[in-house]
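# Examining the three-dimensional arrangement
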Amino acid sequence: MRTSKMRINILFFASLRELFNKESLVLKIESKINTPNELIEYLAKNDGGHWVSLLQRKKNIRVAVNQSIEDWNSNINDGDELAFLPPITGG
């Protein structure tokens, strides 16, 4: 049985942009992944590296789906844009 893939656009901001050393990323993932939480758990398990760090910091990071702040368990669909937003400090 062939598993379909979905395309997710990822945007990184502030310290996460520095961590991943990029502003954005396009992923093609298994369509059985339904939420931002499932996505980063999957990526941390299968790709490791910076995704593990993101997963560990998740409680302090907001997620936006298609430019709307959402819960980590909100549904995601093919073609969605996810933005990971760490706490911002300034002075």
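This section reports on the structure supplied with the text.

Cut-off values and rules
- Residues numbered from 1 in each chain as written.
- Predicted model: local features only at pLDDT ≥ 70, side-chain atom pairs only at ≥ 80, totals over all residues.
- Heavy atoms only, no water.
- Helix = DSSP H or I, 4+ residues; strand = E, 2+ residues; numbered from the N terminus.
- Buried < 20%, exposed > 50% of the residue type's maximum accessible area, 1.4 Å probe, protein only.
- Lys, Arg positive; Asp, Glu negative; His and termini not counted.
- Salt bridge = Lys/Arg side-chain N within 4 Å of Asp/Glu carboxyl O.
- Polar contact = N/O pair within 3.5 Å; in protein donor to acceptor, adjacent residues only side chain to side chain.
- Contact = heavy atoms within 4.5 Å.
- Arc of directions from axis to C-beta.
- Core = buried A, V, L, I, M, F, W, Y, C linked by side-chain atoms within 4.5 Å.
- Phe/Tyr/Trp six-rings, centres within 6.5 Å; stacked < 30°, edge-to-face > 60°.
- Lys NZ or Arg CZ within 6 Å of the ring centre and 35° of its normal.

Here D80 shows up in the loop between β4 (68-70) and β5 (81-85). Buried charge without a partner: D80 forms no salt bridge, and the closest opposite charge is R7, 11 Å away. Among the polar contacts made by the side chain of D80, one reaches the main-chain amide nitrogen of N77 at a distance of 2.7 Å. Excluding anything up to four places from it in sequence, D80 contacts R7, I8, N9, V65, N66 and N75.

Time to look at helix α2 (residues 36-46). Among the residues of α2, P36, N37, L39, I40, L43 and A44 are the ones counted as buried. Along the axis of α2, the buried positions cluster into a sector of 160°, meaning they face one direction only. Taken together, the buried residues of α2 touch β1 (5-12), β2 (24-30), α3 (50-56), β3 (62-65) and β5. Residue G48 follows α2 closely and has a positive phi angle near 60°.

Here the focus is the nonpolar core. Ranked by internal contacts, the top residues of the largest apolar core, which has 22 residues, are I10, L39, W51, L54, I76, L82 and F84. Of all the elements in the fold, those that place two or more residues in this core are β1, α1 (14-20), β2, α2, α3, β3 and β5. Apart from residues lying up to four places away in sequence, L82 is in contact with I8, N9, I10, L11, P36, L39, A64, V65 and I76.

Let us look at the packing of aromatic side chains. One pass over the full model with this rule turns up 6 aromatic pairs. Measuring from centroid to centroid gives 6.0 Å for F12 and W51, while their planes differ by 50°, and the two rings are tilted. Here F12, found in strand β1, pairs with W51, found in helix α3; they are 39 residues apart in sequence, far enough to count as distant. Taken together, the aromatic side chains of F12, F20, W51, W72 and F84 make up a single cluster linked through ring pairs. One cation-aromatic arrangement involves K58 over W72; the distance from NZ or CZ to the ring centre is 5.7 Å.

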